[in-house]
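So you can see what is in the structure, the chains are spelled out below.
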Amino acid sequence: MPEYTRVFVADPSYFEGRSAGLVSMHQGGNPQALAQIREWHPEFAGMSDDAIAAAPFELDAARLVYARQHGSPSWEGLLEQVQEIAEGRRREPFRDAF
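Draft legend 1. Geometry of the nonpolar core. Grouped together as the largest cluster of nonpolar side chains are 14 residues, with contacts concentrated most on Leu22, Ile37, Phe44, Ile52, Phe57, Ala62 and Val65. In contact with Ala62, other than residues within four places in its own chain, are Ser19, Leu22, Val23 and Phe57. In this structure, Val7, Trp75, Leu78 and Ile85 belong to the second largest nonpolar core, which totals 8 residues.

Next up, the structure:
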């Protein structure tokens, strides 16, 4: 399993924007986006770039990519994690240093 990306921005709109950007990059066939999707979305694991690029990929799928990339099994879980960090109920040492 790959290493998770640490949450360093405690703003849900940041992750919403990143998710929308991933949808756009998928549509453009961006190789880094296709690799990110393959790595973090279970439905695309093991698929070729061509197969991922040809598959439907919408905002909810991109949200799942970012949730899993940040150690959460769901979008709702990621938003909860971000909220806890924003409110100081959860410490994120990387964010503190950033």
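On we go from here.
Draft legend 2. Representation of the environment of Ser74 within the structure. By the element assignment, Ser74 lies in the loop between α4 (59-69) and α5 (75-86). When its relative accessible area of 24% is taken as the criterion, Ser74 is described as partly exposed. For the pair Ser74 and Ser48, spaced 26 residues apart in sequence, the C-alpha separation works out to 24 Å. Discounting residues that sit within four places of it in the chain, Ser74 has contacts with Leu64 and Ala67.

Draft legend 3. Fine view of the packing of helix α1 (residues 12-27) against α5. For the pair α1 and α5, the least separation of the axes is 9 Å and the interaxial angle reads 145°. Note on element contacts: α5 touches α1 through Trp75, Leu78, Leu79 and Val82, opposite Pro12, Phe15, Glu16 and Ser19. Here the residues of the contact of α1 with α5 sort into 6 nonpolar, 1 polar and 1 charged.

Draft legend 4. Structural view of the pattern of salt bridges. Following the criterion strictly, the structure yields 4 salt bridges and no others. Ionic pairing is found between Asp49 and Arg38, a salt bridge with its closest N-O pair at 2.6 Å. Of the two residues, Asp49 is situated in helix α3 (residues 49-54) and Arg38 in helix α2 (residues 31-40); the sequence distance between them amounts to 11 residues. Relative accessible area serves as the criterion here: at 30%, Asp49 is assigned to the partly exposed category. Judged by its relative accessible area of 24%, Arg38 falls in the partly exposed class. The residue Asp60 makes a salt bridge to Arg63 at a minimum N-O spacing of 2.9 Å. Of this pair, Asp60 and Arg63 are both found in helix α4, 3 residues apart, which corresponds to roughly one turn of the helix. Arg63 sits in the buried class, given a relative accessible area of 19%. If you follow the salt bridges from partner to partner, you end up with Glu16, Asp60 and Arg63 in one network.

Rules and cut-offs
- Residues numbered from 1 in each chain as written.
- Predicted model: local features only at pLDDT ≥ 70, side-chain atom pairs only at ≥ 80, totals over all residues.
- Heavy atoms only, no water.
- Core = buried A, V, L, I, M, F, W, Y, C linked by side-chain atoms within 4.5 Å.
- Buried < 20%, exposed > 50% of the residue type's maximum accessible area, 1.4 Å probe, protein only.
- Contact = heavy atoms within 4.5 Å.
- Helix = DSSP H or I, 4+ residues; strand = E, 2+ residues; numbered from the N terminus.
- Axes fitted to C-alpha atoms, helices over the stretch in contact; angles between N-to-C directions.
- Nonpolar A, V, L, I, M, F, W, Y, C, P; charged D, E, K, R; others polar.
- Salt bridge = Lys/Arg side-chain N within 4 Å of Asp/Glu carboxyl O.

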